[in-house]
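# Observations on chain architecture
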Amino acid sequence: MIMAIFVIDGHFYVKYYPQVREFLMNLPIPVLNCYSVPTTLYACPVGTFQHFLVIGFFSFVTFGLLLLVGGLIGRWTCGWLCPFGFVQELLHLIPSPKFKIPKWTRYIKYIILLVFVVIMPLFVANVHSAETGKSKMILVSQLPEDEQDFAQRETWFCRLICPAGTLGAGIPHVLMNDDLKELVGTLYWWKIALLFIFLTSAVFTRRPFCTTICPLGGFLGLFNRFSLLKLTFIEEHCYNCNLCVRDCPMGLDPRKDYRSPECIRCMNCVQKKCFAIRKYASITDEVPQKN
Amino acid sequence: MRRIRRKRVRMKKPAFIFLKPVLLGISIIIGLIFIFVGIGMEEFYEIAGNALTL
């Protein structure tokens, strides 16, 4: 995971080889890593997808890449590459009382995906009033017809919610740039508050952002049931030691939920000594004999 | 003699057996097609242009 963060946020390339960064920024990798992060090397797929909707196009590359990665490895990238997931797991190591997130909250991320990532960038514009000096959200269809083509649509998930962007890009940019400090307003403090809530709750629960909000995890999770990389549970090999349940970073019971959309394929449960949970690659549900 | 009780294994209908491989195939094939369509439409310039200006 630490290696992955160094690869994604390649300080070395950014500093000495800017042309490498320019090349790699073409690629949206399936990890929630904001492309405004000063040291990042890749584009964020959620931000890129919204940006294309905002300018009136569909991002074939981003959507195709997510379909391909989801089909091959499901939500594996959440468990092995995502920097914000890593931060949450580190915070969870702080000794404290631990709680489970209610199951119904898992469905919020699908609403976020649909509303903030797909519908709002298409239909909601941000209108800046010169008189009051404030911006307000308005449906594009409510604007006069001649203004609709020039309406300022926004990447609403990034603008209103994404705490990964606040942590990696918002805070560093404001700290480094004096001009930006003057622009800090209600929206910035709203995002700081959201980030604070997620980071604090990560101490007490497991990966709260990934479980409840992350639209990318929600989308990739849809592929978990049929992806090429699969997990299986062999009941005869289980000692009921509960080690797999204790170590699951998503708070799942791997004996029942090994194909759940919430499983991030971190393989913590596979690496335990009971051998009851196995990973395998197959296009069908049959478990290969030799594994 | 003790009789060993075996769990009754419910057989899946053939349609459901093929459902997952078909979905997997569709997602991989459409994914690859979309990537090549995107490359053909020179989407990468837009992605990089957007990302680098931020």
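Coordinates for the structure precede this section.
Worth saying up front: this structure is predicted, and the values here are computed from it rather than measured.

### Re the environment of A:Arg75
Residues and elements named next belong to chain A. Within the fold, Arg75 resides in the loop between helix H5 (60-73) and helix H6 (76-80). Looking at Arg75, the number of C-beta atoms within 10 Å reads 32, which means it is buried. Residues Arg75 and Leu216, 141 residues apart in the sequence, show an inter-C-alpha distance of 9.1 Å. Other than its neighbours up to four places away in sequence, Arg75 contacts Gly217, Leu220, Gly221, Asn224, Cys263, Ile264 and Arg265.

### A closer look at unusual backbone geometry
All names here are of chain A. Although it is not a glycine, Arg207 sits at a positive phi angle of roughly 40 degrees. Here the phi dihedral of Arg265 falls at roughly 55 degrees; this positive angle occurs in a residue that is not glycine. If you trace the backbone, Arg265 turns up in the loop between helix H16 (243-247) and strand S4 (277-281).

### Some remarks on the packing of helix H11 (residues 163-176) of chain A against helix H13 (residues 186-204) of chain A
Residue and element names in this part refer to chain A. Put simply, H11 and H13 touch, their axes get as near as 9 Å, and they point 110 degrees apart. With respect to H13, the axis of H11 lies roughly perpendicular. Of the residues in H13, those touching H11 at Pro163, Thr166, Leu167 and Gly170 are Tyr188, Lys191, Ile192, Leu194, Leu195 and Phe198. A class-by-class count of the residues in the contact of H11 with H13 yields seven nonpolar, two polar and one charged.

### Some thoughts on the interface of chain A and chain B
Each side of the interface is counted separately: chain A has 28 residues, and chain B has 24 residues. Elements that contribute at least two residues to the side of chain A that touches chain B include exactly helix H4 (45-54) and H5 of chain A. Ranked by the residues each element gives to the side of chain A that touches chain B, the list is headed by H5(A), at 10 residues.

Rules used in this analysis
Residues numbered from 1 in each chain as written. Chains lettered and ligands numbered in written order. Predicted model: local features only at pLDDT ≥ 70, side-chain atom pairs only at ≥ 80, totals over all residues. Helix = DSSP H or I, 4+ residues; strand = E, 2+ residues; numbered from the N terminus. Buried ≥ 20, exposed ≤ 12 C-beta atoms within 10 Å, placed from the backbone. Contact = placed C-beta atoms within 7 Å. Axes fitted to C-alpha atoms, helices over the stretch in contact; angles between N-to-C directions. Parallel < 35°, antiparallel > 145°, perpendicular 65-115°, else oblique. Nonpolar A, V, L, I, M, F, W, Y, C, P; charged D, E, K, R; others polar.

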